[in-house]
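# Structure assessment
Read off the chains here:
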Amino acid sequence: MILQTYLLHNKPCCCLTAGMEPRIFAQSTITQYLHDTGFRISPDNSVQPFYLSETAAFFNAEKKREEMGIILPFTDVQPLISFAADPNMDRGDAVRELYRLFTMLLDAHTAGAMSDPFFRTAMAAPLCLLRDTASHDLIILPPRLVQRCTLAAPKTALTHHYPYMHPDGERAPLPRAAYFLLSALSYRCLTAKAPFNAAAIPFADMDGEHPEKQDTKVQQHNAEGISGTAEQLVQNIRDGVYIPIGFRCPRLVKEVQMLINEGLALTTQQTAQTIPSGCEQLCAYRSTASPLFYTDIPHAADTSNTANSAAALATSTEQVSQKQLTAFIQTERKRINRKRFLARNAGKLTAAAAGIIILIAAAIGIIRTLNKPPETAGLSPEAVVQGFYTAVGALDQARVTAYTKNKAGSEYEGLLVHLFVTSKMREAYERKKIYYNPHEFLEICTAVHSQQHVQPPASADTEPERYKTAVIAALNGGSIYGLSQLSISPAAEENSFDVSFYYWVPLFSSEKTAALLDESEEFLTARSFFPLQVLQYRDRVHVIQAAGNFFIGKIEPVERTVLVESSTALIEQTQLPPEQQPEYLRVSSKNYT
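Model, not experiment: these values are computed from the prediction. Here, residues in each chain are numbered from 1, in the same order as that chain's written sequence. Given that this is a predicted model, residues contribute local features only at a pLDDT of at least 70 and side-chain atom pairs are listed and counted only at 80 or more, while totals for whole chains, interfaces and linings are drawn from all residues. To obtain the side-chain values, all non-hydrogen atoms of the structure were included, while hydrogens and water were left out.

In this text, helices come from DSSP runs of H or I with a minimum length of four residues, and strands from runs of E with a minimum of two, each type numbered from the N-terminal end. The number of helices and strands found in the protein chain is 22 helices and 15 strands. Accessible area is worked out with a 1.4 Å probe on protein chains only. A residue is then buried under 20% of its type maximum, exposed over 50%, and partly exposed in between. Within the protein chain, the proportion of its 593 residues that are buried is 47%. It only takes one pair of heavy atoms within 4.5 Å for two residues to be counted as in contact. Pairs at least 24 apart in sequence give 68% of the contacts found in the protein chain among residues at least 6 apart. Shrake-Rupley sampling with a 1.4 Å probe provides the accessible areas, and residues are treated as covered by the protein chains on show and by no other component. When the accessible area of the protein chain is evaluated, it comes to approximately 29200 Å², of which 54% is carbon and sulfur surface.

The following block contains the structure:
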C-alpha cells in the first residue's frame, strides 16, 4: 500500500510513499504534481482545499533502502478500498458509510467545488479517496500525484488500482467512470474482495468452484499462484469476468444487486440517462430507511459481521447456490474463452485447426525455452561487451542481466529499470513516443533548422528562442536516451576491454532539480526545457568464462564526466556551425544505440 506510517521527529507520521530513492525522486516528473490541490469534505458538505508541500526520506525495511515520501497533514485515515474491507465493521454499516462519503463527493462536484478534470482524474485514481476515521470526513488527495506513486509500485497497482478503475481511465465518460468505481467499491465492501482479478483463465482464484470440480488447467493455475498482469486484468474487466454480487451476498436486496452488477458490466448496453441514476440509486441506500438485506431467509440472522457467522451462512445456502454458481461459471467461462479464441483466430479456416497450431507452437516454445542455451552462447568476449552496451542503449534490461555475472551491471540496471518502467507506463497512457535516441534527436534538429531557413524569423534576436521552442515541440513531451560514439578496444589484461562512449540520460542535474522545486506551476507547465544530461563514460570491462560461455564479470568505472547539464545548453550547441560543434555531436548514425 502506498500509504504508510513512519516516525518523524519521534511522532507517527502518515505519508504517501513514492517508491523512489531520493535522487531518482528529485529527478522524476512526480515533482510536477506536488503543487496540485487536494480537498477535504466535511459531513456538513463544506469543502476545504489543502496542499502537500512537505517531503521526507524514510527507510523501507522491505526493500532495504531509503525512499521518499510525501507527508500528509492527517494521522488517522484509511483509503476507501481498505475501509471497505475492514473486518471490524458491520458490512451493512460499511456500505451505508461508503454511500454517504460518495454522496458528499458527488455533491461537491455538482456544486462546482472541484473541476471536471480533477474529478475525472480522481475517478481514475481510487487510492486518492480517503476516510478520516475520527471526523468521518472524505479526503481527496491530489489524484495525479497518487497515480504516479501507485504506478511506481506495480504490485499495489495490480491489487488496489486497476480492479477499481474504469479500464478507459481518464478517457471514460465521467458518469460511467463514477458508476464503475462506486460499484467496485460496493462489491469490495460487501465481500471483502475485489470484483476482478488478473487471472489469465476466467474465474480462476475466485473461490467459485470446489477444487475437485475444477478442470486440471484451473487447478494448476491456482496452485502456481499466477497473479497476471495489468493488461490481463483490464481485459477481464472488459469481458465481465466477475462473480455477480448475488452469489456472494444472497441476502442483499435484489435492487442493490442489479445496480452493482450493471455498474460493473461494461458489456451491458446502457444509456447516458441510466448511468447517473444508477449512482444516485446506490447512494440512496445510505439511509437506514432503505433496507440493504433481506431478513426472511432461513438461518440468515444478522451474520454479516464475523468470519464464523459468514461461514455458517455459506453452509446454510450452499446446497442451493453452489450448483447455480458452478453452472454460471462454467457457462461464462466457455462464452469468454470462445470469444477470446475467435478474436485471436478470426482469420483461420477452422477453430479446430487454429487450436492445434497454437498447442503445437506452445509445446515447441516450451521445449525450446527449457533447452535454450545462454544468450551469450557462441559469442566472443568482445561481442559480449558489444552486446551489453547495445542493450544498455536500448533499455533492454533482460539482455543486460543475461550478459553479466556477479551483478556486474548493477550501476546501469538501476537506471534502466526506472526508465523502462517510466517509458512503458507513459507510452501506455499517453500513447506516444517517450525517449528518442541521439541520432533521432539530431535529425529533428536538422529538420527544424531547415524549416527555419524556409520561414525566417522577423528578427535575428528571436531565431535561437524560436529554434529551441520548435525542437521541444517536435519532441512532443519526450526526452533523449541512448549511447553514442561507442568504442571498444582490448586492454593489456587478457579478456579485458576499455570502453568509452557518450551517455545521454533523461535526468535533471541536482542543481536544476532544486531550482525547479521553487518555480511556479505556470513556469513548469510551459515546458521550455526537458530533462537531459550528456556524460563522457569510460569503463574497464573484465570478461569471465562460465560453463563454456563468456559473461561480463566486472565493470570498473574509469571516467564519469558531465559534458552537458541541461537541454537548453544542448540545443544551443546544435545551432553552432558543424566545425564548431563538440565532439559528441559530430558522429555518424552508426555510432548510436
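Now that the structure has been shown, the text picks up again.
The next point concerns the nonpolar core. Only buried Ala, Val, Leu, Ile, Met, Phe, Trp, Tyr and Cys residues count toward a nonpolar core, and they belong to the same one when joined by side-chain atoms within 4.5 Å. Ile-140, Leu-141 and Ile-260 are the most contacted members of the largest nonpolar core, which has 100 residues in total. Ranked by residue count, the leading element in this core is helix α7 (residues 174–191), at 12 residues. Once residues within four sequence positions are removed from consideration, Leu-141 is found in contact with Gly-38, Phe-50, Leu-52, Leu-72, Phe-74, Phe-118, Cys-128, Leu-130 and Val-146.

A few words on the packing of helix α3 (residues 91–110) against α7. Fitting a line to C-alpha atoms yields each axis, with helices limited to the stretch in contact; the angle taken between N-to-C directions then spans 0 to 180 degrees. Close contact between α3 and α7 brings their axes to 9 Å; oriented N to C, the two are set at 160°. The orientation of α3 relative to α7 falls into the category roughly antiparallel. As α3 packs across α7, the resulting crossing turns out to be right-handed. Mapping the contact onto sequence places Arg-91, Ala-94, Val-95, Leu-98, Tyr-99, Phe-102 and His-109 in α3 and Leu-174, Ala-178, Leu-181, Leu-182, Leu-185, Ser-186, Cys-189 and Leu-190 in α7. In this scheme, roughly parallel covers angles under 35 degrees and roughly antiparallel covers those over 145, while 65 to 115 is roughly perpendicular and the rest are oblique. Left-handed describes a crossing in which the near helix is turned anticlockwise from the far one by less than a right angle; the clockwise case is right-handed.

Working rule for helices: expected span equals 1.5 Å times residues minus one. Between its terminal C-alpha atoms α3 stretches 28 Å, which fits the 28 Å expected from 20 residues at 1.5 Å a residue. Counting buried positions over the 20 residues of α3 gives 16, a clear majority of the element. A distance of 2.9 Å separates the backbone nitrogen of Gly-92 from a side-chain oxygen at the start of α3, and that oxygen is part of Asp-90. Once α3 finishes, Gly-112 follows within two positions and takes phi at roughly 85°, a positive value. Nitrogen and oxygen atoms within 3.5 Å of one another constitute a polar contact, given that in protein one can donate a hydrogen and the other can accept it, and given that sequence-neighbouring residues count only through two side-chain atoms.

The next thing to look at is the side chain of Thr-404. Summarising the element assignment, Thr-404 is placed in the loop between α16 (397–402) and α17 (410–430). Looking at Thr-404, its side chain comes within polar contact range of the main-chain oxygen of Val-400, at 3.2 Å. A polar atom in the side chain of Thr-404 sits 3.3 Å from the backbone oxygen of Thr-401. If we ignore the near neighbours within four places in the chain, the residues touching Thr-404 are Phe-388, Gly-409, Glu-413, Phe-551 and Ile-552.

With that settled, consider the sheet that holds strand β6 (residues 65–71). Hydrogen bonds along the backbone pair up the strands of a sheet, which may run parallel or antiparallel. Between any two strands, pairing holds if DSSP finds at least two bridges. Strand order in the open sheet formed by 4 strands is β1-β2-β6-β5, with antiparallel pairing between adjacent strands. Looking at the sheet topology across the chains shown, the edges are occupied by β1 (3–8) and β5 (55–60). Averaged over all pairs of adjacent strands, the angle between their axes in this sheet comes to 55°, without regard to strand direction. In this structure, β5 lies alongside β6, joined through 6 bridges in antiparallel fashion.

The sheet contact formed by strand β12 (residues 482–490) and strand β13 (residues 496–505) spans 7 bridges and is antiparallel. Its bridge partner being in β13, Leu-483 is matched across the sheet by Tyr-503. If you look at the hairpin formed by β12 and β13, you'll find 5 residues sitting between the two strands, and Asn-495 has a positive phi there, around 55°.

Extensive coverage of strand β2 (residues 11–17) is indicated by the burial of 5 of its 7 residues. The sheet contact formed by β1 and β2 spans 6 bridges and is antiparallel. Residue pairing across strands places Gln-4 opposite Cys-15, the latter belonging to β2. Connecting β1 to the next strand, β2, in antiparallel fashion are 2 residues, including His-9 with a positive phi near 55°. Sheet topology note: the β2/β6 ladder contains 3 bridges and is antiparallel. Opposite Leu-16, over in β6, you have Ile-70 as the bridge partner.

A separate point is the sheet that holds strand β7 (residues 77–79). Strand order across the open sheet formed by 5 strands is β4-β3-β9-β8-β7, with antiparallel pairing between neighbours. With partners counted over all chains shown, the strands left at the sheet margins are β4 (47–51) and β7, one partner each. Neighbour to neighbour, the strand axes of the sheet diverge by 25° on average, direction disregarded. Bridge analysis of strand β3 (residues 37–41) against strand β9 (residues 138–140) gives 3 bridges, and the strand direction is antiparallel. What sits directly across from Ile-41, in β9, is Leu-138.

A 1.4 Å probe that fits into a set of points on a 1 Å grid over the protein atoms alone but cannot get out defines a cavity; an open set with protein on both sides within 12 Å along at least five of seven lines defines a pocket, and lining residues are those with an atom within 4 Å of a point. Grid points are joined across faces, edges and corners, and a volume is the space filled by probe spheres set on the points. A full pass over the atoms with the stated rule returns 1 cavity of 30 Å³ or more. Taken as a whole, the largest cavity holds about 40 Å³ of empty space. As for the largest cavity, its lining consists of Tyr-6, Cys-15, Thr-17, Phe-58, Asn-60, Glu-67, Met-68 and Gly-69. Within the residue set of the lining of the largest cavity, elements represented by two or more residues are β2, β5 and β6. Examining the composition of the lining of the largest cavity, we find that 3 residues originate from one element, β6, more than from any other. Gly is put with the polar residues, along with every residue not named as nonpolar or charged; the nonpolar set is Ala, Val, Leu, Ile, Met, Phe, Trp, Tyr, Cys and Pro, and the charged set is Asp, Glu, Lys and Arg. Counted by class, the lining of the largest cavity contains 4 nonpolar, 3 polar and 1 charged residues.

Time to look at the pattern of salt bridges. By definition here, a salt bridge exists when the distance from a side-chain nitrogen of Lys or Arg to a carboxyl oxygen of Asp or Glu is within 4 Å. This structure, assessed with the given rule, holds 20 salt bridges. Note that Arg-335 and Glu-332 form a salt bridge whose closest N and O atoms lie 2.8 Å from each other. Of this pair, Arg-335 and Glu-332 both sit in helix α13 (residues 307–344), separated by 3 residues, roughly a single helical turn. Where salt bridges share partners, they join Glu-21, Lys-63, Arg-65 and Glu-67 into one cluster.

Here Thr-150 shows up in helix α5 (residues 143–151). Since its relative accessible area comes to 1%, Thr-150 is described here as buried. For Thr-150 and Ile-2, which are 148 residues apart along the polypeptide, the C-alpha to C-alpha distance reads 6.6 Å. Setting aside residues up to four positions removed in sequence, Thr-150 forms contacts with Ile-2, Leu-127, Ala-157 and His-161.

Here the focus is the state of the cysteines. Only a pair of cysteine sulfur atoms within 2.5 Å counts as a disulfide in this structure description. In total, this model carries 0 disulfides according to the counting rule given. Cys-15 takes part in no disulfide bond, and the closest cysteine sulfur to it belongs to Cys-13, at a distance of 5.7 Å. Judged by relative accessible area, which is 0%, Cys-15 ranks as buried. In this structure Cys-279 is not part of a disulfide, and its nearest cysteine sulfur, from Cys-283, lies 6.3 Å away.

The quantities given are spatial measurements derived from coordinates; they are silent on function.
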